[in-house]
Amino acid sequence: DIILALSAFASIRAFYYDSNIYLLTEKKYFDFFKKSPYVDSLIEDNRKENLLISFNKKIKLFREKFDLIIDLQNSKRTSFYNLLFRIFQSGKICSSRPFAHIRYNIPNQGDETVRSGLLNQLKMIGIKKNTHIDYSWLETELKEKTIKPLALIIPGVSKRGHYKQWQPYKFAEIAKYLENLNYEICVVGTKKDEKSIFPIIKSCKHIINKIDQSPPEVIYSLALNSKIIFSNDTGPGHIAALAKKNFIWIVNNNPISKANLPDGKHVHTIQSLSVKDISSQEVISFIEKNHLC
């Protein structure tokens with residue numbers, strides 16, 4: 001969700017370039033946002049906390065004299081926060097949830113992407129889309145130096161996202177195909193994705209294995225150095241898509257995937273009612289037809 005909202009963050013910063021911008025988010029995202037140019041101060045708000053405990057800790061927050069509150073999460077939780085801000089202070093609230101002064105009506109899921117929806121919400125308060133977003137703050141120096149063209153593969157999904165995962169053995173068939181074309185293969189993901197890369201390891205002579213070694217800045221930097229990227233509908237894939245390299249998005253054809261679609265001409269979507277029905281040969285044929293390698 002944070003990656004999908006980055007264009008909104010960049011647009012807010014560009015519009016309110018000389019304002020103090022506070023971000024209410026979970027502590028686990030602090031390091032990420034400290035690197036970004038989008039916010040000045042971070043306020044901790046962990047979801048696992050009981051709402052009443054959270055309220056007691058944040059009573060001072062709700063009494064702060066904010067001029068404007070922008071709700072980019074647009075959830076039941078932020079509906080509760082909107083109510084408290086309405087009670088305790090006079091700043092205007094822009095949200096799609098109840099108790100907002102300026103309320104955006106979200107269309108049916110799939111009719112707009114999350115990115116475009118947030119930007120449409122910001123238009124209501126006069127904020128225009130920032131068309132010159134610089135993600136250089138996300139770059140980091142990589143230990144891996146490659147001479148061959150690099151193919152980045154993101155085979156894992158979240159624990160709840162198994163229905164969105166293209167079968168790992170098919171990713172392995174793609175990896176083998178690319179290796180035969182003299183590509184260097186790199187895989188990224190969390191510790192939980194280890195099983196997803198076993199078929200790739202078995203199929204290829206050599207891979208750059210960055211499982212459990214791929215925070216956002218590493219994924220983005222590897223993507224910048226890649227000629228082609230393959231991914232399920234998953235968070236690391238959204239990070240890699242920011243690099244604007246040839247990106248193969250293998251997804252289910254449903255409103256959720258349509259809402260999560262990354263922006264840009266570099267994004268090539270291969271979809272089916274069930275992602276499991278997409279064959280590796282279909283992907284290879286798509287690559288060859290569009291001269292992506």
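Residues numbered from 1 in each chain as written. Predicted model: local features only at pLDDT ≥ 70, side-chain atom pairs only at ≥ 80, totals over all residues. Heavy atoms only, no water.

Among the residues of helix H12 (residues 280-289), those classed as buried are Ser280, Val283, Ile284 and Ile287. All buried residues of H12 fall inside an arc of 100 degrees around its axis, so they share one side. Where H12 is buried, its residues contact helix H7 (168-180), strand E9 (228-231), strand E10 (246-252) and strand E11 (267-272). After H12 finishes, the residue His291 shows a positive phi value of roughly 50 degrees. (Buried < 20%, exposed > 50% of the residue type's maximum accessible area, 1.4 Å probe, protein only. Helix = DSSP H or I, 4+ residues; strand = E, 2+ residues; numbered from the N terminus. Arc of directions from axis to C-beta. Contact = heavy atoms within 4.5 Å.)

Its place among the elements puts Val187 in strand E7 (residues 184-189). The spacing of Val187 and Tyr16 is 171 residues in sequence and 38 Å in space, taken between C-alpha atoms.

In this section: the nonpolar core. Counting residues in each nonpolar core, the largest one holds 46 residues, and the members touching the most others are Leu6, Phe9, Phe32, Tyr38, Leu152, Leu222 and Ala240. Within the residue set of this core, elements represented by two or more residues are helix H1 (6-15), helix H2 (30-35), helix H6 (114-123), strand E6 (150-154), E7, helix H9 (216-224), helix H10 (235-241) and E10. Not counting chain neighbours up to four residues away, the residues in contact with Phe32 comprise Ile2, Ile3, Leu6, Trp137, Leu138 and Pro216. Membership of the second largest hydrophobic core comes to 28 residues, among which are Tyr177, Ile185, Ile248 and Ile278. (Core = buried A, V, L, I, M, F, W, Y, C linked by side-chain atoms within 4.5 Å.)

In space, the six strands of this open sheet follow the order E8-E7-E6-E9-E10-E11, with parallel pairing throughout. Looking at the sheet topology across the chains shown, the edges are occupied by strand E8 (207-211) and E11. Shown here is a sheet whose adjacent strand axes are inclined to one another by a mean of 15 degrees, direction ignored. Running at roughly 180 degrees to E8, helix H8 (residues 194-203) makes contact with E6, E7 and E8 of the sheet. (Pairing = 2+ DSSP bridges. Axes fitted to C-alpha atoms, helices over the stretch in contact; angles between N-to-C directions.)

Let us look at the pattern of salt bridges. Evaluation of the coordinates by the stated rule reveals six salt bridges. For Lys35, the salt bridge is made with Glu217, and the minimal N-O distance between the two is 2.8 Å. With a gap of 182 residues between them, Lys35 in helix H2 and Glu217 in helix H9 connect regions that are remote in the sequence. Residues Glu194 and Lys191 are paired through a salt bridge, measuring 3.3 Å at the closest nitrogen-oxygen approach. Glu194 sits in the partly exposed class, given a relative accessible area of 31%. (Salt bridge = Lys/Arg side-chain N within 4 Å of Asp/Glu carboxyl O.)

For the rest of this paragraph, the subject is the packing of H7 against H12. H12 packs onto H7 with a crossing angle of 40 degrees between their chain directions and a minimal axis gap of 9 Å. With respect to their mutual orientation, H7 and H12 come out oblique. In this structure, H7 meets H12 at a crossing whose hand is right-handed. Between H7, through Lys170, Glu173, Ile174 and Tyr177, and H12, the contact on the second element is made entirely by Ser280, Val283, Ile284 and Glu288. Of the residues in the contact of H7 with H12, the class split is four nonpolar, one polar and three charged. (Parallel < 35°, antiparallel > 145°, perpendicular 65-115°, else oblique. Left-handed = near helix turned anticlockwise from the far one by under 90°. Nonpolar A, V, L, I, M, F, W, Y, C, P; charged D, E, K, R; others polar.)

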